[in-house]
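An overview of the molecular structure
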Amino acid sequence: MRFLLLSGVGVWLSAWFAVSVAAQFSDRAGDLFPRSKRLGLIPLWTFFAPHPGVHDLHLLYRDRLRTGEVREPSYVPTIDSRRLRHSLWNPEKFRNKVLSDLADSLVEQYSHLVKEGRDVRVIMLSTSYLVMANLAMKMPRPAEVVARQFILARDKTFEASPAREVVFLSEFHRFDEGGR
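To start, this report covers the structure provided alongside it. Everything quoted here is computed from the prediction, not taken from an experiment.

1. Structural notes on the nonpolar core
Membership of the largest hydrophobic core comes to 19 residues, with the highest contact counts inside it found for Leu-59, Leu-106, Tyr-129, Met-132, Phe-150, Leu-152 and Phe-168. Elements that contribute at least two residues to this core include exactly β1 (55-65), α4 (93-116), α5 (127-137) and β3 (145-156). Apart from the residues within four sequence positions on either side, Tyr-129 is in contact with Leu-106, Ile-123, Met-124, Phe-150, Phe-168, Ser-170, Glu-171 and His-173.

The structure is reproduced here in structure tokens:
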């Protein structure tokens, strides 16, 4: 009886491993087991990705002054410059990954709203938008600043002089005059 149980578990684990490996190269392999895919039982290992990440994402903000003038964009410090040690030890990568995932989600939600012809202002209620806006609004501000806008931009990671592309541009959000 014990032999049958161990054999069954071994067969099941072998099948799961084979489907997991096949799913890295073809989406159809994971589609054969939709419930397992939805529950995350079939892993996707990013080192098998056909299109590795080649962009750095930047969160910027612009301030609007009382006079109506809009300042040049400034960075929200999110991505540290790369060092050789990051190839072995990079605990900050989690923070950068969260930002990247939120930005991807925001851009995807926005394009979905545009495609469906819905009011794009509803995006301001999404978690992604609120987190990005919060990060930008928490940056220090001079007294003459009355509103702030955040910008998501990306550039090629390994180019000598990368061209920056704006991916998302928020509305200007006013600061509460009572609480700074």
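After presenting the structure, the write-up continues.
2. So, the pattern of salt bridges
Once their charged atoms are close, side chains differing in charge can pair, the charge on each being opposite to the other. Scanning all chains against the criterion turns up five salt bridges. Salt-bridge contacts for Glu-171 lead to Arg-121; the nearest nitrogen and oxygen are separated by 3.1 Å. Separated by 50 residues along the polypeptide, Glu-171 in the loop between β4 (165-169) and β5 (173-174) and Arg-121 in the loop between α4 and α5 bring together distant segments of the chain. Between Glu-165 and Arg-154 there is a salt bridge; the shortest N-O distance is 3.1 Å. Placement of the pair is Glu-165 in strand β4 and Arg-154 in strand β3, with a sequence separation of eleven residues. Assessed through its relative accessible area of 39%, Glu-165 is described here as partly exposed.

3. Considering the environment of Ala-147
Structurally, Ala-147 can be placed in strand β3. Put simply, Ala-147 and Asp-63 are 84 residues apart on the chain and 5.9 Å apart in space, counted from C-alpha to C-alpha. Setting aside residues up to four positions removed in sequence, Ala-147 forms contacts with Arg-62, Asp-63, Arg-64, Phe-172, His-173, Arg-174 and Phe-175.

4. Side note on the packing of aromatic side chains
According to the stated counting rule, one finds four aromatic pairs in the structure shown. Consider the rings of Tyr-110 and Phe-168, whose centres lie 5.4 Å apart with planes at 85°: the pair is edge-to-face. With Tyr-110 in helix α4 and Phe-168 in strand β4, this pair connects stretches of sequence that are 58 residues apart. Consider the rings of Tyr-129 and Phe-168, whose centres lie 6.0 Å apart with planes at 85°: the pair is edge-to-face. Here Tyr-129, found in helix α5, pairs with Phe-168, found in strand β4; they are 39 residues apart in sequence, far enough to count as distant. The pair formed by Tyr-129 and Phe-168 is uniform in burial state, with each residue classed as buried. Aromatic ring contacts, followed pair by pair, group Tyr-110, Tyr-129, Phe-150 and Phe-168 into a single cluster. Taking the ring centre of Phe-172 as reference, the NZ or CZ of Arg-64 above it sits at 4.1 Å. Stacked on the ring of Phe-175, the Lys or Arg Arg-141 has its end atom at 4.0 Å from the ring centre.

Conventions adopted
Residues numbered from 1 in each chain as written. Predicted model: local features only at pLDDT ≥ 70, side-chain atom pairs only at ≥ 80, totals over all residues. Heavy atoms only, no water. Core = buried A, V, L, I, M, F, W, Y, C linked by side-chain atoms within 4.5 Å. Buried < 20%, exposed > 50% of the residue type's maximum accessible area, 1.4 Å probe, protein only. Helix = DSSP H or I, 4+ residues; strand = E, 2+ residues; numbered from the N terminus. Contact = heavy atoms within 4.5 Å. Salt bridge = Lys/Arg side-chain N within 4 Å of Asp/Glu carboxyl O. Phe/Tyr/Trp six-rings, centres within 6.5 Å; stacked < 30°, edge-to-face > 60°. Lys NZ or Arg CZ within 6 Å of the ring centre and 35° of its normal.

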